[in-house]
Amino acid sequence: MFRTIAVKKNNELIKDLEITELVSGDFKWYWIDFQQPDKEEIDFLRSPLSFHPLAIEDCIHHLQRPKLDYYDDYDFFVAQALNQKTITREEVNLFLSRNYIVTFHHEPSGEIDDVWNRFSQSTNIEQWDPSHVLYHVFDKMVDNYFPLVNQIDDTLNEIDENSKGRSMEALLKDLFETRHDLLSLRHTISPMRDLLYRILNSQRLTSVIEKRAYFSDIYDHLLKLTEMIEASRELTTDIRDSYISINSNETNHVMKVLTVITTIFMPLTFIVGVYGMNFTNMPELNWKYGYFGALGLMVLIAAGMTLWFIKKGWFK
Amino acid sequence: MFRTIAVKKNNELIKDLEITELVSGDFKWYWIDFQQPDKEEIDFLRSPLSFHPLAIEDCIHHLQRPKLDYYDDYDFFVAQALNQKTITREEVNLFLSRNYIVTFHHEPSGEIDDVWNRFSQSTNIEQWDPSHVLYHVFDKMVDNYFPLVNQIDDTLNEIDENSKGRSMEALLKDLFETRHDLLSLRHTISPMRDLLYRILNSQRLTSVIEKRAYFSDIYDHLLKLTEMIEASRELTTDIRDSYISINSNETNHVMKVLTVITTIFMPLTFIVGVYGMNFTNMPELNWKYGYFGALGLMVLIAAGMTLWFIKKGWFK
Amino acid sequence: MFRTIAVKKNNELIKDLEITELVSGDFKWYWIDFQQPDKEEIDFLRSPLSFHPLAIEDCIHHLQRPKLDYYDDYDFFVAQALNQKTITREEVNLFLSRNYIVTFHHEPSGEIDDVWNRFSQSTNIEQWDPSHVLYHVFDKMVDNYFPLVNQIDDTLNEIDENSKGRSMEALLKDLFETRHDLLSLRHTISPMRDLLYRILNSQRLTSVIEKRAYFSDIYDHLLKLTEMIEASRELTTDIRDSYISINSNETNHVMKVLTVITTIFMPLTFIVGVYGMNFTNMPELNWKYGYFGALGLMVLIAAGMTLWFIKKGWFK
Amino acid sequence: MFRTIAVKKNNELIKDLEITELVSGDFKWYWIDFQQPDKEEIDFLRSPLSFHPLAIEDCIHHLQRPKLDYYDDYDFFVAQALNQKTITREEVNLFLSRNYIVTFHHEPSGEIDDVWNRFSQSTNIEQWDPSHVLYHVFDKMVDNYFPLVNQIDDTLNEIDENSKGRSMEALLKDLFETRHDLLSLRHTISPMRDLLYRILNSQRLTSVIEKRAYFSDIYDHLLKLTEMIEASRELTTDIRDSYISINSNETNHVMKVLTVITTIFMPLTFIVGVYGMNFTNMPELNWKYGYFGALGLMVLIAAGMTLWFIKKGWFK
Amino acid sequence: MFRTIAVKKNNELIKDLEITELVSGDFKWYWIDFQQPDKEEIDFLRSPLSFHPLAIEDCIHHLQRPKLDYYDDYDFFVAQALNQKTITREEVNLFLSRNYIVTFHHEPSGEIDDVWNRFSQSTNIEQWDPSHVLYHVFDKMVDNYFPLVNQIDDTLNEIDENSKGRSMEALLKDLFETRHDLLSLRHTISPMRDLLYRILNSQRLTSVIEKRAYFSDIYDHLLKLTEMIEASRELTTDIRDSYISINSNETNHVMKVLTVITTIFMPLTFIVGVYGMNFTNMPELNWKYGYFGALGLMVLIAAGMTLWFIKKGWFK
Ligand SMILES: [Mg+2]
Ligand SMILES: [Mg+2]
Ligand SMILES: [Mg+2]
Ligand SMILES: [Mg+2]
Ligand SMILES: [Mg+2]
Ligand SMILES: [Mg+2]
Ligand SMILES: [Mg+2]
Ligand SMILES: [Mg+2]
Ligand SMILES: [Mg+2]
Ligand SMILES: [Mg+2]
Ligand SMILES: [Mg+2]
Ligand SMILES: [Mg+2]
Ligand SMILES: [Mg+2]
Ligand SMILES: [Mg+2]
Ligand SMILES: [Mg+2]
Ligand SMILES: [Mg+2]
Ligand SMILES: [Mg+2]
Ligand SMILES: [Mg+2]
Ligand SMILES: [Mg+2]
Ligand SMILES: [Mg+2]
Ligand SMILES: [Mg+2]
Ligand SMILES: [Mg+2]
Ligand SMILES: [Mg+2]
Ligand SMILES: [Mg+2]
Ligand SMILES: [Mg+2]
Ligand SMILES: [Mg+2]
Ligand SMILES: [Mg+2]
Ligand SMILES: [Mg+2]
Ligand SMILES: [Mg+2]
Ligand SMILES: [Mg+2]
Ligand SMILES: [Mg+2]
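Residues numbered from 1 in each chain as written. Chains lettered and ligands numbered in written order. Predicted model: local features only at pLDDT ≥ 70, side-chain atom pairs only at ≥ 80, totals over all residues. Heavy atoms only, no water.

The subject of this paragraph is the sheet that holds strand β7 (residues 100-105) of chain B. Residue and element names in this part refer to chain B. The mixed open sheet is built from seven strands, whose spatial order is β2-β1-β3-β7-β6-β5-β4. The sheet is open, and its two borders are formed by β2 (13-15) and β4 (67-70), each paired with just one other strand. Adjacent strand axes in the sheet meet at a mean angle of 15°, parallel and antiparallel pairs treated alike. Bridge count between strand β5 (residues 75-82) and strand β6 (residues 89-96): eight bridges; the pairing is antiparallel. The partner of V78 across the bridge, within β6, is N93. (Pairing = 2+ DSSP bridges. Helix = DSSP H or I, 4+ residues; strand = E, 2+ residues; numbered from the N terminus. Axes fitted to C-alpha atoms, helices over the stretch in contact; angles between N-to-C directions.)

Have a look at this one:
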């Protein structure tokens, strides 16, 4: 499926012309949007649009990274939007020229739809041109990164404060998934930031350079996002290391309790065992105060052990 | 709310003029300070001040990072102060031109108040100009970072020495919070340092370049702060890793005590259990020296175990 | 073994000429491919091809890293393919000139075979030249990296989800081997990326510069691969650290169970031991409700201990 | 307190002139050294020396980092010496001009004293000039870093070999303190190295450029020191991580011993307990070989457990 | 001790001339090699060779890092060889000029000996010049690094596979020593690589630039070595972390065995203890099926505990 819109020299809009009409016609500029195109529609990229085979290959294959390639008559961009629900990457390919912009995407793109509607209902058509469309598409994409990063921020704050009193196992699982998401977000946002940097510093993209302030604004947002992601990742490391420290400290404490109890009662249990033996000849058993002597001995041993642990500082 | 102050060509000060009077008037230069402005006051940025929509958007939205944007007639700065109590970021936006400076902030700003008072009570008005105001605002902001970093330093020293003998749990909690604060401070101070670097190396900010030594001094302080923060963060890592090492070593020691006690007493307790059984036919029970033989056997076992542990080096 | 193919000025192909015929003949350009050459064949590099001794040495020795050396009449490349089964590096050496390309490899190279066949069966011979061969060889090599990286990705996903419910020991072993493979892949792919970067930014490789878009495409793939490897390595670190956290937390929990059980039952077992002693004079034994008193005492102790642990939060 | 020395045009030395005499006099060059100056002496910096207020402020405040500021008629350096006993930083401020050098320090400086004496007793006065003094002061400072770094190296070797057989707790404490000292040393030496780098690459410090080989020599020493510190820090990390590994492995071993003993003796102790019960109707007790049967059962259980542990590989 | 060799204008060799003869003579070029020189021989550096005091100081002092210093008439290099047995650094100092090379070393140098012999027995003397000697000395040094790095690689493979079935303690000790050696190797090889980089990019070393391909070959080897060392270090980190993970996992498992055994048998042992008490009034003891009831109760408790652990997944 594809749709087209053309701007005539008198700033009038015509919709849904055929691609051949656009290529051969005398328009101020036009926009072709390939939405989930089928094989035949993809062939329009070859003819009549006659884009370079490498760029067409990049359009067709999904596994791409944001990039910018210069060709003789146009510039080719690969950008990545993030699906708000699955956090998966969705690729948008753009061909930019002085008098046309071609957008191409295998998944439905809310960002493109938004810009398409805004443009086709615009009252000041004369202010729009292909690079203006490019700006708005990129701007929408980057704006849509924020809710995802903020959501992670919220998750992290919840983990950090743990107001719901959840178990450490659940928290660790959440933490690990959050790190996974951050890795995934960074994998999209970093190359997008690098792409914007290239655009801003390009000598060739003259139509973009005229809109420097606008693209610079997108770049600022990407810088901000990168910093937020890095800060969040550091925070997850800190929380996890803090958990490990606390656990290691608590294990230590638990071990001490166990050892104190064991060390005090094991010798006592041994002694009572001794006097529970059934030998016929055990002189102590018949002593008048044997029992009380044994009890006294055990009190002494328990007290001694306790003192020893106090001296070792285990009760601190 | 906003306030204004204007310098006449004869270096006389006039306060609280309307913005329209300032814009149309013939002053040497003037300063407008928007303090927690309401919606109508914000509209003055659009008209009569006619700033660029992107800059105005940056003023209104809170989530910003320190930055510098060049516009045709003025330069736009976003700077961040740190609230002394909550360590939260407070944004100050500044528009700098040859003949005016506009400051804009949603929270009350002690730094701006200080500079405002100092300027309006100044006796050498001729030495002041918009870039001089900019310097003083930035200088105050950066000076106010120091108490926060120093306070963290003090906390760290206290944790390190632990003169109050607090529990390791409490120390670990403090440590984690300190790392959190350091992350937060770095998140403000690093971009501020980058901003000052851009200012110092800018070809366009001619009025600032004339005051190079002054802005360079602020940049030095930011470098120093960055190094202090990095050093503090490394120190927290070291303290935490040291705690983990100590804990791991102590756990090891506690385990050995437990194992030695258990290994010595378990076989003994088993033996006394054997001779506590009530079988009718247990020949040893009737031996004359059965009891003493059993005691002797147990002494031998205990001694053997002890020797084995000594040989294994567990008592080292 | 070696094979040759030459392109005549009229774009006709001649196969399997002798090297001396090629060097002295008047061809548009020719390609010599040394496949697992023996010592005598290697000597052809010295004469009649007369390559520089250092380049010949680099050909012969296996232990190399991807590189590019400029010589007066030709450029010398070392590239590395990855064996699909063993993930070991296989070196391919290439000498590139305006009118010849020489490929040299000690192991059979599927990549070279592919390009050789494609070229010798090509119908548009006039489009091929030495740098076009170079592009196709590099392109095939880099394409063959992808299945290896993807395979690791799959392994990681399987470890992460552990749908087969394997033991943690097995998972940790897999994880460690995956990290090993990633290290090994990076060791080939990083220098290949650096090589492509050098090629793209070289001032001397004029024939390559004309095909910039093509080599740039390979470079993009290498960038993508590098990012995938780095992300995978970070993910392995995360999974491992997550395992350690979970283990540490679980150990803590297990310790608490053990300690609670021990702490409750050890005193009780001691008390029953006391009343199992055989002293003749033990007044309590003859009390009417001695037994029930003892049972009551033990219930009290058990309850007290349990309350103490609840208060300490060990049952949370 | 301050002292002065001036070189006349005929290379004669005059000591202890007043600062006003120096400033107004016609000397080849002179040196003023402010040692722990009081408030009135500090005022000499303002007048008659008339240094820039920012430089004077940097002199007075202690909290500085090594730096270089260019002013119109002189260059201002902040350098840091290390107190040999406390490893604390001691700041030395230097003003360098063609015809004077002013040194300023709040603590006594052994380095300055050395150079002062060497100069005032020199026989070839004509070879000295302000930049020569600067070189000697920096050289002395950096030479004095070496004993501190070497001392740490010795401590680390002692910890690594542990020839004195100290406890791991003591070693970990030493290790942590060593890391602390390394952090502290790096905090001085890194900025000093950066300062020397700036000096070597400065276009303005013409008098220094003539002595390039000398300052380059100091820079080499600082590079060497930086590498020594980094290597030492990595070594401390390695030692600590090695300790943790060893501890973790040992804990594992200790746990196994404990578990083996417990698992073998607990069931046995239970069984002897069973036959120690005083029920009137316990048929086994009256069997002729009941006792020996019980002993045999227990041998079987112990042997079975032992085999099970051997099979699990716990005795490896 | 020192030795000399000079090349006459007619490419004839003369050995063992005095240094004064060489300096004043009219030779094509000459080579002086100081092997473990005594104090008097060191003085030849001052006169008649008249090298700069700083370079002489660098020769004498052992603690150096590889470097390159330009002096007016010659260039001064410090290089480091590695002793094949002790992996300690051995310094070689070289003075290079158009018509001489001076090598200076405190320890015997196999590399220098090799080159000396090769040169003095060479049949094509006209191809040699001072920079050719420099190349061969550096080449030999760097070639001698490889066996050391390969040896570490072998050790690591042995640790990784542990075919000899050694204990984890022994493996951890080896691992730590390997890391130590890698640190030590990197400490030599990294600065050597940086030195070669400086040589290759120097504008001044014209005689070296003519031999660019040769020095570039050495640099490639150093790059390869650096990568091998980094990869080995990462591998040691991975092995160690893998050990810690495995240990942590195993400890967890051992703890569970211990806890299961304890939790099942402690209550049982308590119960048999209860019925082993000697109270005169214990009704259960005289019940006909008291004993069997007690046994039944204990079977129930054991089964319940086991089910509880199965439910908790501890037997997975
Ligand atoms: Mg790609
Ligand atoms: Mg990507
Ligand atoms: Mg690209
Ligand atoms: Mg990325
Ligand atoms: Mg913005
Ligand atoms: Mg922004
Ligand atoms: Mg961290
Ligand atoms: Mg920020
Ligand atoms: Mg910006
Ligand atoms: Mg930041
Ligand atoms: Mg300052
Ligand atoms: Mg400063
Ligand atoms: Mg650290
Ligand atoms: Mg390699
Ligand atoms: Mg190379
Ligand atoms: Mg690599
Ligand atoms: Mg591609
Ligand atoms: Mg990580
Ligand atoms: Mg500092
Ligand atoms: Mg500075
Ligand atoms: Mg530092
Ligand atoms: Mg030196
Ligand atoms: Mg040196
Ligand atoms: Mg390390
Ligand atoms: Mg670690
Ligand atoms: Mg070194
Ligand atoms: Mg150097
Ligand atoms: Mg190094
Ligand atoms: Mg080589
Ligand atoms: Mg090589
Ligand atoms: Mg690693």
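Next up on the list: the sheet that holds strand β7 (residues 100-105) of chain D. Strand pairing in a sheet is mediated by backbone hydrogen bonds. Such pairs are either parallel or antiparallel. All names here are of chain D. A sheet is described by the order of its strands in space; here seven strands give the open sequence β2-β1-β3-β7-β6-β5-β4, paired in mixed fashion. Each edge of the sheet is formed by a strand with only one pairing partner; in this case those strands are β2 (13-15) and β4 (67-70). When the angles between neighbouring strand axes are averaged without regard to direction, this sheet yields 15°. In this sheet, strand β5 (residues 75-82) lies alongside β4 in antiparallel orientation, the contact comprising four bridges. Within β5, the residue paired with L68 across the bridge is F77. Its contacts with the sheet put helix α3 (residues 53-60) on β4, β5, β6 (89-96) and β7, and the angle it makes with β6 is roughly 155°. (Contact = heavy atoms within 4.5 Å.)

Attention now goes to the UniProt feature "transmembrane region" (unreviewed entry) in chain A. Residue and element names in this part refer to chain A. Summarizing the sequence annotation, UniProt attributes the feature "transmembrane region" (unreviewed entry) to residues 257-277 and 289-310 in the numbering used throughout. Secondary structure content for residues 257-277 is 86% helix and 0% strand, while the C-alpha to C-alpha distance between its ends is 30 Å. Helix makes up 95% of residues 289-310 and strand 0%. Its end C-alpha atoms lie 31 Å apart. (UniProt positions renumbered as here; feature names shortened; annotations may be inferred.)

With that settled, the discussion passes to the coordination of the magnesium ion (ligand 29). Residue and element names in this part refer to chain E. Listed as protein donors to the magnesium ion (ligand 29) are D217 (OD), D217 (OD) and H221 (NE2); their distances from the metal cover 2.1 to 2.7 Å. Between the magnesium ion (ligand 29) and the magnesium ion (ligand 30) the interatomic distance comes to 3.6 Å. Here H221 and D217 lie together in helix α9 (residues 212-274), a separation of four residues that amounts to about one turn. Its relative accessible area of 4% is what places D217 among the buried residues. On the basis of relative accessible area, H221 is assigned to the buried category, the value being 18%. (Donors = N, O, S within 2.8 Å, 3.2 Å for Na, K, Ca; no water. Buried < 20%, exposed > 50% of the residue type's maximum accessible area, 1.4 Å probe, protein only.)

It is worth spelling out the interface of chain E and chain C at this point. The figure often quoted for interface size is the accessible area lost as the parts come together. Contacts between the two partners involve 48 residues from chain E and, on the opposite side, 52 residues from chain C. Between chain E and chain C lies a buried interface of about 4500 Å² when both sides are counted; carbon and sulfur atoms form 62% of it. At the junction of chain E and chain C, the tally comes to nine salt bridges. In this structure, K256(E) engages E250(C) in a salt bridge whose closest nitrogen and oxygen atoms are separated by 2.8 Å. Listing elements by their share of the side of chain E that touches chain C, those giving two or more residues are α6 (145-161) and α9 of chain E. Looking at the side of chain E that touches chain C element by element, the count peaks at 33 residues for α9(E). (Buried area = accessible area lost by both parts, 1.4 Å probe. Salt bridge = Lys/Arg side-chain N within 4 Å of Asp/Glu carboxyl O.)

With an RMSD of 0.1 Å, the fit of chain E onto chain C corresponds to turning through 72° and sliding 0.1 Å along the axis. The transformation just described matches what one would write down for a five-fold rotation axis. Using C-alpha coordinates, one finds that chain E approaches the rotation axis most closely at G276(E), a distance of 4.7 Å. (Least-squares fit on C-alpha atoms with pLDDT ≥ 70 in both.)

Moving on: the interface of chain A and chain B. Residue-level contacts link 48 residues of chain A with 52 residues of chain B. A salt bridge links D238(A) to R233(B); its shortest N-O distance comes to 3.6 Å. Inspection of the chain A/chain B interface yields 20 residue pairs in polar contact (both at pLDDT 80 or more). Of all elements in the fold, only α6 (145-161) and α9 (212-274) of chain A reach the threshold of two or more residues within the side of chain A that touches chain B. Of the residues in the side of chain A that touches chain B, the class split is 22 nonpolar, 15 polar and 11 charged. (Polar contact = N/O pair within 3.5 Å; in protein donor to acceptor, adjacent residues only side chain to side chain. Nonpolar A, V, L, I, M, F, W, Y, C, P; charged D, E, K, R; others polar.)

Residues and elements named next belong to chain E. Closest axis-to-axis distance for the helix α5 (residues 130-143)/α9 pair is 10 Å, and the angle between their directions is 20°. Comparing their axes, α9 and α5 come out roughly parallel. Viewed along their axes, α5 and α9 form a crossing whose handedness is left-handed. Together, S131, L134, Y135, F138, D139, V142 and D143 of α5 and Y214, F215, I218, H221, L222 and L225 of α9 make up the contact between the two elements. Classifying every residue of the contact of α5 with α9 by side-chain character gives nine nonpolar, two polar and two charged. (Parallel < 35°, antiparallel > 145°, perpendicular 65-115°, else oblique. Left-handed = near helix turned anticlockwise from the far one by under 90°.)

Soluble globular proteins: nonpolar side chains tend toward being buried together. Formed by 125 residues in total, the largest nonpolar core has its most connected members in Y275(A), Y275(B), Y275(C), Y275(D) and Y275(E). Those residues within four positions of Y275(A) in sequence are excluded, and the remaining contacts are M282(A), E284(A), L285(A), A294(A), Y291(B), M277(C), N278(C) and F279(C). (Core = buried A, V, L, I, M, F, W, Y, C linked by side-chain atoms within 4.5 Å.)

Mapped onto the secondary structure, D69(D) falls in strand β4. A polar atom in the side chain of D69(D) sits 2.9 Å from the side chain of K67(D). In contact with D69(D), not counting residues within four places along its chain, are S216(B), D220(B), D58(D), D75(D) and F76(D).

Cis geometry marks the peptide bond from S47(C) to P48(C); its omega dihedral reads 15°. Locating P48(C) in the fold gives a position in the loop between α2 (39-46) and α3 (53-60). Residue S50(E) is not a glycine yet carries a positive backbone phi of 50°. Residue position: S50(E) is located in the loop between α2 (39-46) and α3 (53-60).

Bringing helix α7 (residues 168-201) of chain A into the picture now. For α7(A), with 34 residues, the first-to-last C-alpha span of 48 Å sits near the 50 Å given by 1.5 Å per residue. Within α7(A), the axis deviates most sharply at R186(A), by approximately 25°. (Expected span 1.5 Å × (residues − 1). Bend = angle between axes of the 7 residues up to and from the residue.)

Counting buried positions over the eight residues of strand β5 (residues 75-82) of chain C gives eight, a clear majority of the element. Between strand β4 (residues 67-70) of chain C and the antiparallel strand that follows it, β5(C), lie four residues.

Turning to the confidence of the model for chain A, a few remarks are in order. In this model, chain A carries an average pLDDT of 90, and 99% of its residues clear a pLDDT of 70 or more. Scored as a complex, the prediction yields pTM 0.81 and ipTM 0.78. (pLDDT = per-residue confidence, 0-100.)

Glancing now at the side chain of T236(E). By the secondary structure assignment, T236(E) is in helix α9. Each residue touching T236(E), except ones within four places of it in the same chain, is listed here: L156(E), L175(E), T178(E), R179(E) and L182(E).

Let us now look at the environment of L235(C). When you line up the elements, L235(C) lands in helix α9 (residues 212-274). Relative accessible area serves as the criterion here: at 9%, L235(C) is assigned to the buried category. Setting aside residues up to four positions removed in sequence, L235(C) forms contacts with H180(A), L183(A) and L156(C).

Geometry of an aromatic ring pair is reported as the spacing of the ring centres plus the angle between the planes. Counted according to the given criterion, the structure contains 125 aromatic pairs over all chains. For the cation-ring pair, R3(B) lies above W116(B), with the distance from its terminal atom to the ring centre recorded as 4.4 Å. (Phe/Tyr/Trp six-rings, centres within 6.5 Å; stacked < 30°, edge-to-face > 60°. Lys NZ or Arg CZ within 6 Å of the ring centre and 35° of its normal.)

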